[in-house]
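The primary structure of each chain is shown beneath.
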Amino acid sequence: MTSENHGTIKADSAMVMSPTGSTSQAAPFSPSTSKPIQELPDELIQAGWSKCWSKRENRPYYFNRFTNQSLWEMPVLGQHDVISDPLGLNAAPASGEAVSDTGLGNGQRKRHPSEDAQAGPNSFKRPKVEIPVTPTTPTIPISPSTPGAKPWVNTTDDKQGQTSAPAPAPYRPSVVYWDLDVQTNAVIRERAPADHLPPHPEIELQRAQLTTKLRQHYHELCSQREGIEPPRESFNRWLLERKVVDKGPDPLLPSECDPVISSSMFREIMNDIPIRLSRIKYKEEARKLLFKYAEAAKKMIDSRNATPDSRKVVKWNVEDTMNWLRRDHSASKEDYMDRLEHLRKQCGPHVASVAKDSVEGICSKIYHISAEYVRRIRQAHQTLLKECNISVDRTESTEVQDRLVYCYPARLSIPSPPQPRVELHFENDVACLRYKGEMVKVNRGHFNKLELLYRYSCVDDLRFEKFLSRVWCLIKRYQVMFGSGVNEGSGLQGALPVPVFEALNKQFGVTFECFASPLNCYFKQFCSAFPDIDGFFGSRGPFLRFSPASGSFEANPPFCEELMDSMVTHFEDLLEHSSEPLSFIIFVPEWRDPPTPALTRMEASRFRRHQMIVPAFEHEYRSGSQHICKREEMYYKSVHGTAVIFLQNNAGFSKWEPTTERIQEFLAAYKVSGRSLPSPGPPSTSTGDKDSKPVQERSSAKSQDNSSPVDKTAPDTTNI
């Protein structure tokens with residue numbers, strides 16, 4: 001088949017037949033004969049086709065006035081659009097009409113799958129993306145090229161009221177903050193699927209509503225009982241701290257904890273009693289803060305059931321402070337802060353003793369309300385599964401072989417129920433998913449990332465029918481955990497800059513993140529908080545329940561003291577019991593006043609091979625809200641120093657030794673990622689008793705003296 005060139009078409013256009021079948025300037029017959037030209041069917045005429053005569057070739061041809069296409073052979077009814085499908089891959093013959101092998105009007109013929117199978121060894125075959133072979137799943141093609149598989153479509157049967165979402169145009173992000181091509185070197189023992197209840201938008205919506213209500217209860221209790229606002233993000237850290245010890249069934253809310261009183265919540269509320277102490281810049285602010293503290297301490301001791309000695313001590317110190325404020329008007333900011341520190345030391349123990357029972361009551365009340373909410377959520381979840389004829393109380397167990405395998409995503413033993421309709425539309429570069437009026441948003445780059453992670457990791461939804469509903473559940477879960485305040489929770493999900501991850505992978509073989517999420521992960525293998533929903537997107541489950549036998553790992557935990565302390569315990573247990581190469585590179589805040597137990601323990605660990613300090617305001621983190629924030633808000637400066645510690649067993653040290661050359665390359669990556677920002681990013685998620693001060697290099701892991709001079713010859717420490 002050949003086409004007439006544009007000039008020929010114009011020259012022959014005098015012979016074009018009109019849509020009515022008549023000719024405008026020439027009769028519908030050959031100029032050399034009186035044989036009439038066959039007229040076209042009405043369907044082709046309406047589609048823009050007309051029959052013309054080529055004087056040069058002396059034969060008829062067919063011209064489409066809409067697309068300027070010319071064909072020697074008669075077009076086929078239902079022929080494809082050459083603009084949107086130039087190769088005719090989606091062309092289909094008209095119903096009941098046989099199409100010869102010579103073509104579909106334009107010389108192209110649609111290939112059938114059976115023909116692909118019979119093609120020769122040199123013929124092209126469409127590539128398929130396959131998931132890694134795991135002990136629990138066979139090798140299955142999960143490419144979107146699977147017939148009917150459309151990643152952007154969420155469909156079920158009519159009974160579920162499911163509809164399809166239109167496919168958006170192909171999107172290529174300008175900046176990518178991940179590398180999903182890195183394969184894992186983490187080896188684990190084969191494990192059975194978990195018995196978590198599968199996610200469902202209806203249950204996730206109920207959990208979100210109850211969690212928001214629980215936050216409101218916490219705010220009201222702090223205000224009514226202690227007259228203070230809840231400490232910033234203390235509720236978020238309470239969720240993290242409780243999950244370290246919680247044995248309850250809910251992935252987010254605690255319900256079975258021992259002890260009931262949260263040490264994290266108790267400590268943070270007590271630090272804000274009688275008033276919250278903020279950072280001071282000016283002398284007048286320091287004077288006002290000292291005055292407020294003295295008044296609040298006196299008011300609390302008068303209104304509570306305090307002992308006579310406590311009343312006497314507090315009143316005397318408050319009166320002495322007031323007299324000093326009245327007579328000394330030339331004091332500096334430092335004088336006011338020293339006086340405040342003295343007043344806190346004198347009155348603090350007495351104020352804490354009268355507030356102790358009330359604060360414990362707040363912690364206990366919040367915990368018991370949470371346990372009641374968990375009971376309601378689980379009851380509703382079980383009812384939903386029962387209506388779908390899915391049994392929760394399964395007694396049969398999956399047979400697991402005692403063997404070492406490369407790590408694979410968390411799997412669920414309970415099948416997923418049919419999913420309801422979740423609407424998807426795009427607003428510029430933001431994907432908006434709506435369920436029952438509740439909308440969640442994610443930028444298109446991260447939406448595409450979730451699609452890739454889902455393709456690599458999910459094995460029960462090859463046609464992507466549950467993709468949108470699971471994305472909605474995932475984003476809603478993290479949205480609820482973060483909180484609704486400005487920048488709230490983003491520090492809990494802060495990630496290292498991309499150049500640092502690249503250096504970790506290149507220099508130390510790191511392929512795995514111990515604390516991440518599908519939204520902020522760099523590698524496609526990672527541990528996260530919620531295996532029930534994150535597992536569909538590559539999560540290996542919570543790290544404290546993940547026991548690798550070998551591999552190289554990066555750990556940047558949420559800055560919760562209890563979680564970090566449990567992390568160190570887990571690290572040392574894994575390193576103690578593995579003879580295979582095992583390495584952990586840990587990034588924790590450099591808190592020294594007072595030092596955190598986790599940092600102190602790692603510095604004294606026999607597995608510590610190297611340590612370096614990155615000073616405050618001289619390095620960055622990627623925002624925990626990177627999946628929705630603007631590009632200019634992606635990075636923020638750290639307001640505290642970061643300690644980088646290498647914990648390795650002997651085999652891990654031999655394989656990934658932190659040599660001088662490797663450390664220099666790693667430090668260079670930190671410098672590359674540095675940039676000048678107008679202001680620091682989200683405030684530190686540290687607890688109230690941690691000061692954000694410039695850090696010093698530690699010359700020895702055994703030393704606890706911050707004031708010691710820097711040892712420039714120490715081989716195991718580095719300062720950027």
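- The name that an unreviewed UniProt entry assigns to the chain is mRNA (2'-O-methyladenosine-N(6)-)-methyltransferase, with the source organism given as Onychostoma macrolepis.
- In UniProt, the chain has this text filed under Sequence similarities (unreviewed entry): "Belongs to the CAPAM family."

A short note on the nonpolar core
And then number 1: Within the largest apolar cluster, 155 residues are counted, with the highest numbers of intra-cluster contacts made by Leu433, Leu504, Phe537, Phe584 and Phe666.
And then number 2: Considering every element that reaches this core, the biggest residue donor is helix 9 (residues 333-387), with 17 residues.
And then number 3: Looking at this core, you find at least three residues from each of domain 2 (201-388) and domain 3 (405-671).
And then number 4: If near-sequence neighbours (up to four positions away) are discounted, phenylalanine 584 is found in contact with Cys514, Phe543, Phe553, Phe571, Leu574, Leu575, Ile645, Phe646 and Leu647.
And then number 5: Ranked by size, the runner-up nonpolar core spans 6 residues in total, among them Leu40, Trp49, Tyr62 and Leu71.

Side note on the pairing of strand 10 (residues 548-555)
And then number 1: The buried fraction of strand 10 is high, at 8 of 8 residues.
And then number 2: Examined bridge by bridge, strand 4 (residues 187-189) and strand 10 share 2 bridges and lie antiparallel to one another. Looking at strand 10, one finds that isoleucine 188 is bridged to proline 548.
And then number 3: Across 2 bridges, the pairing between strand 9 (residues 512-513) and strand 10 is parallel. Across the sheet, glutamate 513 pairs through a bridge with glutamate 554, a residue of strand 10.
And then number 4: Strand direction decides the pairing type here: strand 10 and strand 11 (residues 582-589), joined by 5 bridges, are parallel. Within the sheet, the bridge partner assigned to glycine 551 lies in strand 11 and is leucine 582.
And then number 5: This β-α-β element, strand 10 to helix 14 (residues 561-577) to strand 11, shows right-handed connectivity.

What counts, and at which threshold
- Residues numbered from 1 in each chain as written.
- Predicted model: local features only at pLDDT ≥ 70, side-chain atom pairs only at ≥ 80, totals over all residues.
- Heavy atoms only, no water.
- UniProt positions renumbered as here; feature names shortened; annotations may be inferred.
- Core = buried A, V, L, I, M, F, W, Y, C linked by side-chain atoms within 4.5 Å.
- Buried < 20%, exposed > 50% of the residue type's maximum accessible area, 1.4 Å probe, protein only.
- Helix = DSSP H or I, 4+ residues; strand = E, 2+ residues; numbered from the N terminus.
- Domains from an automatic or database assignment.
- Contact = heavy atoms within 4.5 Å.
- Pairing = 2+ DSSP bridges.
- Right-handed = clockwise from strand over helix to strand, strands pointing away.

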